[in-house]
Amino acid sequence: MFDAAFASLATSFSNMAGGPFVDAVAIWPGTPTYDAGGSILTPGTPASYACKAQFDAPTQQMRAAEGFLQTDVRILVLAASIGRMLDTEATITANGETWALLSCQRDPAGVGFECAGRKA
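Everything numeric here is computed off the predicted structure, so don't read it as measured data.

A short note on the packing of aromatic side chains
Inspection of the entire model under this criterion finds two aromatic pairs. Relative to Tyr 49, the ring of Trp 28 lies with its centre 5.5 Å away and its plane at 90°, an arrangement referred to as edge-to-face. Here Tyr 49 lies in strand β4 (residues 47–56) and Trp 28 lies in strand β1 (residues 22–28), a separation of 21 residues in the sequence. Exposure remark for Trp 28: the relative accessible area of 5% places this residue in the buried category. Between the NZ or CZ atom of Arg 84 and the centre of the ring of Trp 28, over which it lies, the distance is 3.7 Å.

Quick look at the side chain of Arg 74
Secondary-structure assignment places Arg 74 in strand β5 (residues 73–78). Within polar-contact distance, the side chain of Arg 74 engages the side chain of Glu 114 at 2.6 Å. Residues within four places of Arg 74 in sequence aside, it is in contact with Gln 54, Phe 55, Asp 56, Ala 57, Pro 58, Thr 59, Met 62, Glu 114 and Cys 115.

Let's talk about the pairing of β5
For β5, the tally of buried residues reaches six of six residues, placing the bulk of the element in the interior. The two faces of β5 match: Val 73, Ile 75 and Val 77 on one face and Arg 74, Leu 76 and Leu 78 on the other face are all buried. Pairing between β4 and β5: four bridges, direction antiparallel. In the strand pairing of β5, Phe 55 is matched with Ile 75. Relative to strand β8 (residues 112–119), β5 runs antiparallel, the two being bridged by six bridges. Note on β8: the bridge partner recorded for Ile 75 is Cys 115.

Quick look at the environment of Gly 30
By the secondary structure assignment, Gly 30 is in the loop between β1 and β2 (33–34). Relative accessible area serves as the criterion here: at 17%, Gly 30 is assigned to the buried category. For the pair formed by Gly 30 and Ala 47, sequence separation is 17 residues and the distance between their alpha carbons is 6.7 Å. Apart from residues no more than four positions distant in its own chain, Gly 30 is found in contact with Pro 43, Gly 44, Thr 45 and Pro 46.

Calculation criteria
- Residues numbered from 1 in each chain as written.
- Predicted model: local features only at pLDDT ≥ 70, side-chain atom pairs only at ≥ 80, totals over all residues.
- Heavy atoms only, no water.
- Phe/Tyr/Trp six-rings, centres within 6.5 Å; stacked < 30°, edge-to-face > 60°.
- Helix = DSSP H or I, 4+ residues; strand = E, 2+ residues; numbered from the N terminus.
- Buried < 20%, exposed > 50% of the residue type's maximum accessible area, 1.4 Å probe, protein only.
- Lys NZ or Arg CZ within 6 Å of the ring centre and 35° of its normal.
- Polar contact = N/O pair within 3.5 Å; in protein donor to acceptor, adjacent residues only side chain to side chain.
- Contact = heavy atoms within 4.5 Å.
- Pairing = 2+ DSSP bridges.

Below you can see the structure in the form of C-alpha coordinates.
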(Lines give C-alpha, C1' and ligand atoms only; values in the text may rest on other atoms or scores of the structure.)
Protein backbone atom coordinates (compact mmCIF):
# COMPACT_ATOMS: atom_id res chain seq x y z
CA MET A 1 0.00 0.00 0.00
CA PHE A 2 2.92 2.33 0.75
CA ASP A 3 4.23 2.11 -2.82
CA ALA A 4 0.75 2.53 -4.35
CA ALA A 5 0.25 5.81 -2.46
CA PHE A 6 3.53 7.24 -3.77
CA ALA A 7 2.82 6.03 -7.29
CA SER A 8 -0.63 7.61 -7.28
CA LEU A 9 0.83 10.85 -5.95
CA ALA A 10 3.44 10.90 -8.71
CA THR A 11 0.79 10.24 -11.37
CA SER A 12 -1.46 12.98 -9.98
CA PHE A 13 1.38 15.48 -9.83
CA SER A 14 2.40 14.74 -13.40
CA ASN A 15 -1.18 15.12 -14.65
CA MET A 16 -1.82 18.30 -12.68
CA ALA A 17 1.40 20.13 -13.38
CA GLY A 18 1.97 18.95 -16.92
CA GLY A 19 4.97 17.18 -15.45
CA PRO A 20 7.75 15.42 -17.29
CA PHE A 21 5.71 12.23 -17.75
CA VAL A 22 4.11 11.88 -21.18
CA ASP A 23 1.43 9.52 -22.43
CA ALA A 24 3.04 6.32 -23.66
CA VAL A 25 2.16 2.73 -24.50
CA ALA A 26 4.04 -0.37 -23.36
CA ILE A 27 3.65 -3.18 -25.90
CA TRP A 28 4.50 -6.85 -25.40
CA PRO A 29 4.75 -9.15 -28.43
CA GLY A 30 2.17 -11.86 -28.85
CA THR A 31 2.83 -15.48 -27.90
CA PRO A 32 3.19 -17.47 -31.10
CA THR A 33 1.43 -20.79 -31.67
CA TYR A 34 3.33 -23.58 -33.41
CA ASP A 35 2.34 -26.61 -35.43
CA ALA A 36 3.65 -30.12 -34.68
CA GLY A 37 6.72 -29.48 -36.86
CA GLY A 38 7.68 -26.32 -35.00
CA SER A 39 6.59 -23.82 -37.64
CA ILE A 40 4.79 -20.70 -36.44
CA LEU A 41 1.07 -20.84 -37.18
CA THR A 42 0.21 -17.42 -35.73
CA PRO A 43 2.44 -14.75 -34.20
CA GLY A 44 -0.04 -14.10 -31.39
CA THR A 45 -1.76 -10.89 -30.43
CA PRO A 46 0.41 -8.16 -28.91
CA ALA A 47 -0.68 -6.78 -25.52
CA SER A 48 -0.55 -3.03 -25.01
CA TYR A 49 -0.90 -0.97 -21.84
CA ALA A 50 -1.19 2.79 -21.60
CA CYS A 51 1.30 4.34 -19.18
CA LYS A 52 3.13 7.53 -18.21
CA ALA A 53 6.83 7.70 -19.11
CA GLN A 54 9.64 10.20 -18.73
CA PHE A 55 12.64 10.21 -21.06
CA ASP A 56 15.94 11.38 -19.62
CA ALA A 57 19.71 11.20 -20.04
CA PRO A 58 21.19 7.79 -19.15
CA THR A 59 22.66 7.27 -15.70
CA GLN A 60 26.38 6.72 -15.14
CA GLN A 61 25.63 3.03 -14.50
CA MET A 62 23.84 2.79 -17.87
CA ARG A 63 26.77 4.51 -19.59
CA ALA A 64 29.19 1.99 -18.05
CA ALA A 65 27.19 -1.03 -19.28
CA GLU A 66 28.65 -3.09 -22.09
CA GLY A 67 27.21 -2.14 -25.47
CA PHE A 68 26.09 1.35 -24.42
CA LEU A 69 25.37 3.72 -27.30
CA GLN A 70 25.32 7.52 -27.01
CA THR A 71 21.73 7.49 -28.29
CA ASP A 72 20.46 5.26 -25.43
CA VAL A 73 18.09 6.91 -22.95
CA ARG A 74 16.82 6.47 -19.43
CA ILE A 75 13.06 5.82 -19.32
CA LEU A 76 11.09 6.16 -16.10
CA VAL A 77 7.61 4.61 -16.10
CA LEU A 78 5.14 5.29 -13.27
CA ALA A 79 4.04 1.93 -11.85
CA ALA A 80 0.50 3.09 -11.06
CA SER A 81 0.01 4.09 -14.69
CA ILE A 82 0.72 0.72 -16.28
CA GLY A 83 -1.19 -1.93 -14.33
CA ARG A 84 1.40 -4.73 -14.67
CA MET A 85 5.07 -5.43 -14.14
CA LEU A 86 7.30 -3.95 -16.81
CA ASP A 87 10.09 -6.09 -18.28
CA THR A 88 12.54 -6.13 -21.18
CA GLU A 89 10.09 -8.04 -23.41
CA ALA A 90 8.13 -4.80 -23.83
CA THR A 91 8.75 -1.78 -25.99
CA ILE A 92 7.68 1.76 -25.07
CA THR A 93 6.11 4.03 -27.67
CA ALA A 94 5.71 7.76 -27.01
CA ASN A 95 5.68 10.88 -29.18
CA GLY A 96 5.80 8.76 -32.33
CA GLU A 97 8.98 6.90 -31.36
CA THR A 98 9.44 3.32 -30.15
CA TRP A 99 12.11 2.25 -27.68
CA ALA A 100 13.34 -1.28 -26.92
CA LEU A 101 14.03 -1.84 -23.22
CA LEU A 102 17.59 -3.02 -22.56
CA SER A 103 17.13 -3.21 -18.79
CA CYS A 104 14.23 -2.65 -16.44
CA GLN A 105 14.09 -2.53 -12.67
CA ARG A 106 11.55 -1.38 -10.11
CA ASP A 107 12.65 1.33 -7.71
CA PRO A 108 12.80 0.43 -3.99
CA ALA A 109 9.70 2.48 -3.12
CA GLY A 110 7.69 0.85 -5.92
CA VAL A 111 6.81 4.18 -7.52
CA GLY A 112 8.05 3.24 -10.94
CA PHE A 113 10.40 1.39 -13.22
CA GLU A 114 13.81 2.64 -14.36
CA CYS A 115 14.72 1.34 -17.79
CA ALA A 116 17.53 1.74 -20.28
CA GLY A 117 16.04 2.24 -23.72
CA ARG A 118 17.29 2.17 -27.28
CA LYS A 119 15.39 3.42 -30.32
CA ALA A 120 13.81 0.40 -32.01
